[in-house]
Amino acid sequence: MRGGRGSGSWRVVREGEETEMIIREELCIGCGQCESYCPVGAIVPTNEKTNRGKERRRIDLAPCVECGTCLRSRICPVDAIFQQPLEWPRTLRAAFSNPLTEHKSTGHMGRGTEEMKTNEITHRFVPGEVGVTLEMGRPGIGATLGEIERVTRALAQWGITFASDTPITSLVVDREKGLFPKEVLGERVLSAIIEFKVPVEKLRSILSGLQELGDRLTTVFSVGVISVLPEGGDDPIVGLLREAGINLRPNGKVNLGLGRPLP
Amino acid sequence: MTHTLHREGNAEDLSSDFPVLAIRAKGYNEKGNLWRLKKILEVAVTRYPLANFGDIVTGTKFTSDLEQMMKSERECPIVHMVFTNRDDLTRFLGDLKEMNLGLSVVVSGLFETIFDCCRKVGLKPHTVNYSAGVWGRVERLPSLEILEVTTLCGHSLVSSHLVKRFIEEIRKGKIRCEEAAQELARQCVCGIFNPIRAARILRSVCGLHHSPDEGPSQE
């Protein structure tokens, strides 16, 4: 995280070291430049005016997801954007929303695992099963952990085992019920990834359940499906999803199979 | 991370947008192999006209430079490079095959094109990640044109409000499409935002048809 305009390069912040984002109103000159930089629209007018009659800005801490974009952008001409120490459970906002924050649960920056990116080495996913990623709140809407828990609860009820090494799984205190600690449910994040894998034959019913559940949520989620390509043939997953009425985008990610264990 | 997975756009628009990442696998080739990751980045940046590149701990094409990334001793988990056409991508995949560095490489973009590039250089893709799109309360999303720009940053750090503001400013002649696209690219911390594609989208939304190669005028 940058310390302010003119300072050095980015610094990686560990979970627990994050600081609450504020605009120091006594410094704010009311130029309003920062307002549009906030991905969740949390920078708002204060109704207080400067000597020149311009409205000062403040950060509304309820929708703010602590992503750090306003500070990193260096858009404030008078360095009025500051960070204050965060306390649990607000620390979770930065852990999920600021990509430069390292998660305690994984020791990595990022919201998920290596998933398919290293699959030719790790064999996390094997033929006959598919990986599923649900990126809650993406793109750009955000979600509360309470809303995300509605999905983990449903998945647990359907017998899903969550990927063991993700930030979201680290929050699940009751894996049979998919429950998070009560004190975190009101925290809001820009996005968070629920990751799991299922046998191919179970995929259709799980996705169908998720479609129904999605209609009852107040946010969005981006859905990814991971599959090991069969030797020299078309991937049957594509046809299976098409039959289920699920349209896949023409673009996605391809692991080239170049990795191997190295000394 | 799934951050290069859900880029919005039609096939024509996506045909000039190929983010590539290289990564070490935890527990298999992570230790002592940072140099291999840097070698991949160096080859890509020095041989090809990339739209963007970077690593999350040092910065991107728009917040840092290759020299800083090469000098940095900090452990970056992944490097990113954004290619803008299939020919460069094909040649780069050939470079990777020849270098045989043993790290995992993932290409994002149109499947048909990626598979074709792989065939040409004799690579056999291993695993695929499909995007089934956005589910849930999609009525809360901004327009498709705005999403085409904002989803170029998979961490959602590029604000839809900022894109809308720049569209207004471009229409008023206050900022050029390319300048706006580069400012948007600065908000992306890992170097996957494609400002060339973003400028093209902004130009189209604003009804401008002037190529950046043709000079400073915006009609």
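Residues numbered from 1 in each chain as written. Chains lettered and ligands numbered in written order. Predicted model: local features only at pLDDT ≥ 70, side-chain atom pairs only at ≥ 80, totals over all residues. Heavy atoms only, no water.

Q: What should I look at first to understand the interface of chain A and chain B in this one?
A: Where interface size is quoted, it is often the accessible area lost as the parts come together. Residue-level contacts link 84 residues of chain A with 79 residues of chain B. Roughly 7300 Å² is buried in total at the junction of chain A and chain B, and carbon and sulfur atoms are behind 57% of that figure. Where chain A touches chain B, the interface holds 2 salt bridges. Its salt-bridge partner being E8 of chain B, residue R249 of chain A comes within 3.0 Å of it at the nearest N-O pair. Taken together, the links from chain A to chain B amount to 36 residue pairs in polar contact (both at pLDDT 80 or more). At the level of elements, α1 (69-72), α3 (119-122), β7 (129-136), α6 (200-216), β11 (220-228), α7 (236-243) and β12 (251-255) of chain A are the ones that each hand at least two residues to the side of chain A that touches chain B. Considering each element in turn, the side of chain A that touches chain B owes the most residues, 9 residues, to β11 of chain A. Of the residues in the side of chain A that touches chain B, the class split is 37 nonpolar, 31 polar and 16 charged. Two elements, β11 of chain A and strand β6 (residues 127-136) of chain B, share 8 bridges in a ladder whose sense is antiparallel. In the strand pairing of β6 of chain B, V220 of chain A is matched with G136 of chain B. (Contact = heavy atoms within 4.5 Å. Buried area = accessible area lost by both parts, 1.4 Å probe. Salt bridge = Lys/Arg side-chain N within 4 Å of Asp/Glu carboxyl O. Polar contact = N/O pair within 3.5 Å; in protein donor to acceptor, adjacent residues only side chain to side chain. Helix = DSSP H or I, 4+ residues; strand = E, 2+ residues; numbered from the N terminus. Nonpolar A, V, L, I, M, F, W, Y, C, P; charged D, E, K, R; others polar. Pairing = 2+ DSSP bridges.)

Q: What's the story with the pattern of salt bridges in this structure? I'm lost.
A: Pairing between side chains becomes possible if they bear opposite charge and their charged atoms approach one another. Throughout the structure, instances matching the rule amount to 31 salt bridges over all chains. Of the charged contacts in the structure, one is a salt bridge between R24 of chain A and E26 of chain A, with a shortest N-O distance of 2.9 Å. Using a relative accessible area of 33% as the deciding quantity, one classes R24 of chain A as partly exposed. A network of salt bridges, in which partner residues are shared, links R7, D13, D17, R197 and R200 of chain B. (Buried < 20%, exposed > 50% of the residue type's maximum accessible area, 1.4 Å probe, protein only.)

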